[in-house]
Amino acid sequence: MTSLHLVEEDDDGRTERPAGPSPFPAGATGPTVVRDRRARDASLVAGVMVLSSLLGLVRDLVIAALFGASSSSDAFFVAWTVPETVTPLLNESGLALLLTPLFARTWAQEGSLTSAVRRTLLPVVAVTATAGAVCALAAPVLVGLVAPGLADPGLAVACFRLASVTVLGLGVAGYLSSALRGRRSFVRPAATYVAYNVGILGCLLLEPWLGVRAAALGLAVGSLLMVAVVAPAVARSTRLDGLRWRAGSGLTPLLAVAPIIVYSLARQSQVFAERWFGSDLVGAISELNYASKVAQIPVTLSLVVASVSLASVTAHVGAGRFPAVRREVTDALRLGVCVVLPVTVALEVLAPQITALLFQRGAFDAELVQSTSTVLRWYSLGLLGQLAVGACVLFLCIRPRGARVAAVAALACLAVTVVVDAVAVGPLGAPGLALGNAAGITLAGAVLLRRLHRDLVPLPWRRLGDAAVRSATAAAVAGAAAWGVTHLGRGPVVSLAAGVVFVVVHLAAAHVVGLAEVRALTARLGPRRDPTAADPLADDAPRLRPRWTPALAPVVVGALVGALLAVGVGLARPVVHRATALVVVTAGADGRDATTTTQALTRLTATLSQRYEGGPEDVDVLLEGAPSSPVVQITVDGRDAGTVRQVAGQVVTTLEDASRGQAWSVRDQTPTGGAVRVRERVDPGLVVVGAGAGGLLVLTAAAVAGRWPGSAPHRPWPLSAARRPRPRRRRAAHRRIP
């Protein structure tokens, strides 16, 4: 029987089982049961994080509906820089990466966290309180540095000072969460973000009296609620008497965590660069924030397994069990790839539908939906890089030099982001800033993956590539199917139908191409597995061709051909800009005047549409509204932004000239701003659809033919069963007779 010396803790810190003989069922293998326990922890944490993500999404929807993308929302999001900087620095990947291994080692050696807490609690509280006070006092200077071109800097300073309280709240909450993670308690640390979002939503009820300051107050209240969630669990299992402060005790932890501080600040400086370059563009900061909040939800969920595995990976490294380290790191990366790749394809294909379904209400109008969806498409190109950075930094910081490697990669990421932002913000605007973020984080992810392979454990590149190819193939097929659904109509029902089709088709296609994670999921949804059975994800289990197999080659080639054709079509078509104008007509008090006005406007709009018919610009003039208060909606599409704006102005002038001497008058209510780019030359969504269509054609041809090209006739689907050895071909027996 296997013996493991473990101490399991529940979320309140009470000991369920002391170290001793293994409690595994007779015949069960130790790694299988440990993996099941880890899967249970990951499921609980994932459930809490899903709830937190949903509350965060509701929070963003409420903020978007209340403030839209205006100067008030820009002021609030500049103040949100404070918790955005503190969270990675002290709560997620900064100080937490140093403290979690420390608490894990202390718990394993002493069975208590008291000694570690006595040495480190007071310095952390003192440093975070001092930093919060400095932020509040220096708020005018910091706001000027972060966003020098804001329309209302005074409002931003007021929100910034309210948000400075989060430095203390998030710092203490991150410290206590690290203590709980060190003894393998993960649910309460994940629940802190639920309390954080509840605090913000509660304070948003004060918006009629405080305006956008209510949202900033919610940041402070939410951070204090985070402390209230985790403090009781730590206090019940730790003796807080004997806290001491030695001379220099605040400097030593600061020096030890200096590389992690550099890493966190460099990562957050990406946001600083975006807001600095985008402060002159009204609403750009808000659009970038909305896009990032939507895109980061799947990345956060995909890192759950890596966060849960951190304590056990640290123990394996300390004991020298590197095969176990390799297995757990590989499982975390593969699962992350299987989550992030489909979401990236879905965001590229369904970005307008997702943005409209989530945000289009209140102050968030159709024009903001179009611009935000473009930003979301470019931002989502860096999701794989964000996954690689988050997972690699978690595991690299187990090693002494891991924090320095992460800091160097983050600085390189910042340099690339600044260069791309400076070049792209002029021609592209806010989408150029999203492109800079994606380019920088992708470079950092590639560097950190390589260093993880060299410094911690050799990564099985074939297994990771196998998961990426199979997941991308299934996602491309699902993207093509969802894209077809979006052309059936408009509205929330069609958007929801496209999302459902994407999920269903992706799961079916992933099962067909043999993605092991999806098959394991469907197996878990079936009958309960015998604990004595072999683990289907273990290293010695039969694999579904865990190599780059020739069976996937036709699908990959078809996807590449489809993507190249889509790029060619995109290069052959021009960029389209759109300008809109809105003219409100006021008719006379007499009913006959209203009827006469409607008839005259109907003839006039038809004349204007015919005047520009056949020209280089597409002019659409529509008469809407009731006869007593008609509205003329003008839409002009063309290749040049200045020309379409000029044509829209000419149509408005024509309506104003026609109203002179009539019983009705017009009032121009055209939205401010220039033309909006509604179609790029090479749209990423078009490329994804082309790749999915190519892969779908190959899959369809294979299904019709009953076999893959190049395979033996009457052979079953090569990816539908476990790996089988191929029979060797024997030549005719021609023996040489001596």
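Residues numbered from 1 in each chain as written. Predicted model: local features only at pLDDT ≥ 70, side-chain atom pairs only at ≥ 80, totals over all residues. Heavy atoms only, no water.

Trainee: Just give me the short version of the overall build of the chain, but keep the residues and values in it.
Mentor: Check the secondary structure of the chain and you find 27 helices and seven strands. Buried positions account for 51% of the 738 residues belonging to the chain. For the chain, restricting intrachain contacts to residue pairs at least 6 apart in sequence, the fraction spanning at least 24 positions comes to 78%. Carbon and sulfur atoms form 64% of the exposed surface of the chain, whose accessible area is close to 33,500 Å². (Helix = DSSP H or I, 4+ residues; strand = E, 2+ residues; numbered from the N terminus. Buried < 20%, exposed > 50% of the residue type's maximum accessible area, 1.4 Å probe, protein only. Contact = heavy atoms within 4.5 Å. Areas by Shrake-Rupley, 256 points an atom, 1.4 Å probe, with all protein chains shown as cover.)

Trainee: So what's going on with a nonpolar patch on the surface? Which residues, and what values?
Mentor: Together, Leu206, Trp209 and Leu210 line one region of the surface with nonpolar side chains, adding up to about 340 Å² of accessible area. Checked against the element boundaries, Leu206 lands in the loop between α9 (187–203) and α10 (207–210). Assessed through its relative accessible area of 36%, Leu206 is described here as partly exposed. (Patch = residues over 30% accessible without salt bridge, like charges linked within 9 Å, V, L, I, M, F, W, Y side chains within 5 Å. Salt bridge = Lys/Arg side-chain N within 4 Å of Asp/Glu carboxyl O.)

Trainee: Can you tell me about the packing of helix α14 (residues 284–302) against helix α20 (residues 430–455), naming the residues and giving the values?
Mentor: Running from N to C, α14 and α20 cross one another at 45 degrees; their axes reach a closest spacing of 10 Å. Between α14 and α20, the angle falls in the class oblique. The chirality of how α14 crosses α20 is right-handed. For the pair formed by α14 and α20, the contact residues are Ala284, Glu287 and Leu288 on the first element and Ala430, Leu433 and Ala434 on the second. Among the residues making up the contact of α14 with α20, the classes are represented as five nonpolar, no polar and one charged. (Axes fitted to C-alpha atoms, helices over the stretch in contact; angles between N-to-C directions. Parallel < 35°, antiparallel > 145°, perpendicular 65-115°, else oblique. Left-handed = near helix turned anticlockwise from the far one by under 90°. Nonpolar A, V, L, I, M, F, W, Y, C, P; charged D, E, K, R; others polar.)

Trainee: Provide a residue-level description of the environment of Arg450, including the pertinent values.
Mentor: Checked against the element boundaries, Arg450 lands in helix α20. For Arg450, a relative accessible area of 46% gives the class partly exposed. Along the sequence, Arg450 and Cys392 sit 58 residues apart, while their C-alpha atoms lie 9.5 Å from each other.

Trainee: Account for the packing of α14 against helix α18 (residues 383–396), naming residues and giving values.
Mentor: Direction vectors running N to C along α14 and α18 enclose 35 degrees, while the axes themselves pass 10 Å from each other. Between α14 and α18 lies a crossing whose hand is right-handed. Listed contacts from α18 to Ala295, Gln296, Val299 and Ser302 of α14 are Leu383, Gln386 and Leu387. A breakdown of the residues in the contact of α14 with α18 according to their chemical character gives four nonpolar, three polar and no charged.

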